[in-house]
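# Examination of the molecular architecture
Okay, here's what each chain looks like letter by letter:
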Amino acid sequence: MTEPVDYRATLNLPDTPFPMRGDLPKREPGWVKDWNEEGLYARLRVARKGAPLFVLHDGPPYANGKLHIGHALNKVLKDMIVKSRQLAGFDAQYIPGWDCHGLPIENAIEKLHGRNLSRDDMQAKSRAFATEQIDQQREDFKRLGVLGDWERPYRTMDFANEAGEIRAFKRVIERGFVYRGLKPVYWCFDCGSSLAEFEIEYADKKSDTLDVAFETDDASKLAAAFGLSALPAGKSAFAVIWTTTSWTIPANQALNAHAELVYALVETPMGCLVLAESLVEKCLARFGLEGSILATAPGTQLGGLNFRHPLYDVDTGYKRYLRSSWPTT
């Protein structure tokens, strides 16, 4: 009987210090710990001293809560750019920062401490809250493996930064770039604060619409605008508009026709209606009427015609005429 052969000794396998398993949840914290203790970011700066400079201008996150996938995606992608520039021979610096002002932090303070805080109390609590959030977010960013000058970040609430902003604003004013004018400002009635445009969230909304008929004050002029000698006997004529803001009708002062559109004069059992030619079929279906087109005319032909306000016969205050016109641009 032959002796069993141990084939393990015959295999020519590489000798490597790498483990067979990744065990990343266990090993990654160790890597981050080693990087921090050995000052890897500072050593990289020394290694690239005098090399061409690459600085990533990073939009700072709000200091108002734990990290989420948006933070992770943002910071990891930027960290990849910085590290790739470092490997390409640049002195690739990354100075992290935090935005410590604005409504998100104020909302967080109101949730924790209630509303109607004094200005000084709100500012003090916001500063303390932002400081706490920065410390928490910093550790989480480090855990993501992001390299940066974490011990010397910039914070918008630092007094030196605020003083620098005021000095920069002074220079902008001195150069005449700041002026007083009219601009709509979004206002939150719930927060009692103005809102920046990027803080506005829009939702789809289906509004009720209202079709309104404005009776012509001179049927012969309207007929002439459409190249007719007269309107059908016994027929009144109306320009029809639609609106989603029915409450503005009492203040209505004019009607506009588009110079580049073609309008149709449509005979219906309710009278002759002035409608956009391309919308005649849809409008008649919406009104529940049948009708036929008597004539068409470009919007430029309809300027200067007078129409009565829809509430003309309701009150003497509405006994006024609305003149049709078209935009010049």
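Quick caveat, the model's predicted, so the values are computed rather than measured.

Parameters at a glance
Residues numbered from 1 in each chain as written. Predicted model: local features only at pLDDT ≥ 70, side-chain atom pairs only at ≥ 80, totals over all residues. Heavy atoms only, no water. Helix = DSSP H or I, 4+ residues; strand = E, 2+ residues; numbered from the N terminus. Rg over C-alpha atoms; globule rule 2.2 N^0.38 Å. Buried < 20%, exposed > 50% of the residue type's maximum accessible area, 1.4 Å probe, protein only. Contact = heavy atoms within 4.5 Å. Areas by Shrake-Rupley, 256 points an atom, 1.4 Å probe, with all protein chains shown as cover. Lys, Arg positive; Asp, Glu negative; His and termini not counted. Charge placed at Lys NZ, Arg CZ, Asp CG, Glu CD. Pairing = 2+ DSSP bridges. Axes fitted to C-alpha atoms, helices over the stretch in contact; angles between N-to-C directions. Core = buried A, V, L, I, M, F, W, Y, C linked by side-chain atoms within 4.5 Å. Salt bridge = Lys/Arg side-chain N within 4 Å of Asp/Glu carboxyl O. Parallel < 35°, antiparallel > 145°, perpendicular 65-115°, else oblique. Nonpolar A, V, L, I, M, F, W, Y, C, P; charged D, E, K, R; others polar. Patch = residues over 30% accessible without salt bridge, like charges linked within 9 Å, V, L, I, M, F, W, Y side chains within 5 Å. Polar contact = N/O pair within 3.5 Å; in protein donor to acceptor, adjacent residues only side chain to side chain. Phe/Tyr/Trp six-rings, centres within 6.5 Å; stacked < 30°, edge-to-face > 60°. Lys NZ or Arg CZ within 6 Å of the ring centre and 35° of its normal.

### Regarding the overall build of the protein
A count of helices and strands for the protein gives eight helices and 14 strands. For the protein, the C-alpha radius of gyration of 36 Å lies well beyond 20 Å, the compact-globule estimate for 329 residues. For the protein, the C-alpha atoms occupy an extent of roughly 120 × 80 × 45 Å along the three principal directions. A buried classification covers 28% of the 329 residues belonging to the protein. Considering only contacts within the protein whose residues lie at least 6 apart along the sequence, 69% involve residues at least 24 apart. Carbon and sulfur atoms provide 56% of the accessible area of the protein, an area that totals close to 23,000 Å². In the protein, which carries 40 positive and 43 negative side-chain charges, the distance between the mean positions of the two groups comes to 5 Å.

### A closer look at the sheet that holds strand β7 (residues 210-215)
Reading across from one edge, β7-β8-β11-β10-β12 is the order of the five strands in this open sheet, with mixed pairing throughout. Of all the strands in the sheet, the pair left with one neighbour each is β7 and β12 (292-298). On average, adjacent strands in this sheet sit at an angle of 30 degrees to one another, irrespective of strand direction. Strand direction decides the pairing type here: β7 and strand β8 (residues 237-243), joined by six bridges, are antiparallel. Of the residues in β8, the one forming a bridge with Leu-210 is Thr-243. Running over the sheet, helix α8 (residues 280-287) touches β7, β8, β10 (262-268), β11 (271-276) and β12 and is turned about 130 degrees from β11.

### Side note on the pairing of β10
Burial of β10 is extensive: five of the seven residues sit out of reach of the surface. Where β10 lies against β11, six bridges are found, and the strand directions are antiparallel. Residue pairing in the sheet places Leu-265 in a bridge with Val-274 of β11. Two successive antiparallel strands, β10 and β11, enclose a turn made up of two residues.

### Overview of the nonpolar core
Within the largest apolar cluster, 23 residues are counted, with the highest numbers of intra-cluster contacts made by Leu-222, Phe-226, Tyr-263, Leu-265, Val-274, Leu-302 and Phe-307. If you list the elements that add at least two residues to this core, you get β7, α7 (219-225), β8, β10, β11 and β12. What Leu-265 contacts, discounting residues up to four positions off in sequence, is Leu-222, Phe-226, Leu-228, Leu-231, Cys-272, Leu-273, Val-274, Ser-292, Ile-293, Leu-294 and Ala-295. The next biggest cluster of nonpolar side chains, apart from the first, holds 18 residues, and it includes Val-82, Cys-100, Phe-129 and Met-157.

### Remarks on unusual backbone geometry
Backbone geometry places Asn-116, a non-glycine residue, at a positive phi of 65 degrees. Summarising the element assignment, Asn-116 is placed in the loop between α4 (103-113) and α5 (119-143).

### What about the pattern of salt bridges?
Tallying each qualifying case throughout the model produces 21 salt bridges. For the salt bridge of Asp-58 with Lys-75, the shortest nitrogen-to-oxygen distance reads 3.0 Å. Here Lys-75 lies in helix α3 (residues 69-87) and Asp-58 lies in the loop between β1 (53-55) and α3, a separation of 17 residues in the sequence. On the basis of relative accessible area, Asp-58 is assigned to the buried category, the value being 8%.

### Things to note about the packing of α4 against α5
Running from N to C, α4 and α5 point in directions that differ by 105 degrees, and their axes come no closer than 10 Å. In terms of orientation, α4 and α5 fall into the roughly perpendicular class. Counting all contacts with α4, which are made through Ile-105, Glu-106, Ala-108, Ile-109, Glu-110, Leu-112 and His-113, the residues of α5 involved are Met-122, Lys-125, Ser-126, Phe-129 and Ala-130. Partitioning the contact of α4 with α5 into residue classes produces seven nonpolar, two polar and three charged.

### Details of the side chain of Asp-79
Along the chain, Asp-79 turns up in helix α3. Among all residues touching Asp-79, those that are not within four sequence positions of it are Gly-145, Val-146 and Leu-147.

### As for a nonpolar patch on the surface
The grouping of Leu-73, Val-76, Leu-77, Met-80 and Leu-144 at the surface amounts to a nonpolar patch, some 440 Å² of accessible area in total. Checked against the element boundaries, Leu-73 lands in helix α3.

### Structural notes on the side chain of Gln-86
The topology assignment puts Gln-86 in helix α3. The class for Gln-86 is buried, based on a relative accessible area of 7%. Here Leu-44 takes part through its backbone oxygen, which lies 3.5 Å from a polar atom of the side chain of Gln-86. Contact partners of Gln-86, with chain neighbours within four places excluded, come to Leu-44, Arg-45, Arg-48 and Ala-92.

### Quick notes on the packing of aromatic side chains
A complete count under the given rule lists five aromatic pairs for this structure. Consider the rings of Phe-54 and Phe-90, whose centres lie 6.5 Å apart with planes at 65 degrees: the pair is edge-to-face. Of this pair, Phe-54 sits in strand β1 while Phe-90 sits in the loop between α3 and β2 (91-93), placing them 36 residues apart in sequence. Take Phe-90: its relative accessible area is 25%, and that puts it in the partly exposed class. Summarising the aromatic geometry, the rings of Tyr-94 and Trp-150 are spaced 6.3 Å apart at their centres and angled 85 degrees between planes, so their arrangement reads as edge-to-face. With Tyr-94 in the loop between β2 and β3 (97-98) and Trp-150 in the loop between α5 and β4 (154-155), this residue pair connects regions lying 56 residues apart in the sequence. Classification of Tyr-94 by relative accessible area gives buried; the value is 3%. By relative accessible area, Trp-150 is classed as buried at 5%. Among the aromatic residues, those joined into a ring-pair cluster are Tyr-94, Trp-98, Phe-141 and Trp-150. When the ring centre of Tyr-41 is taken as reference, the NZ or CZ atom of Arg-45 above it lies at 4.7 Å.

None of this, on its own, says anything about what the molecule does.
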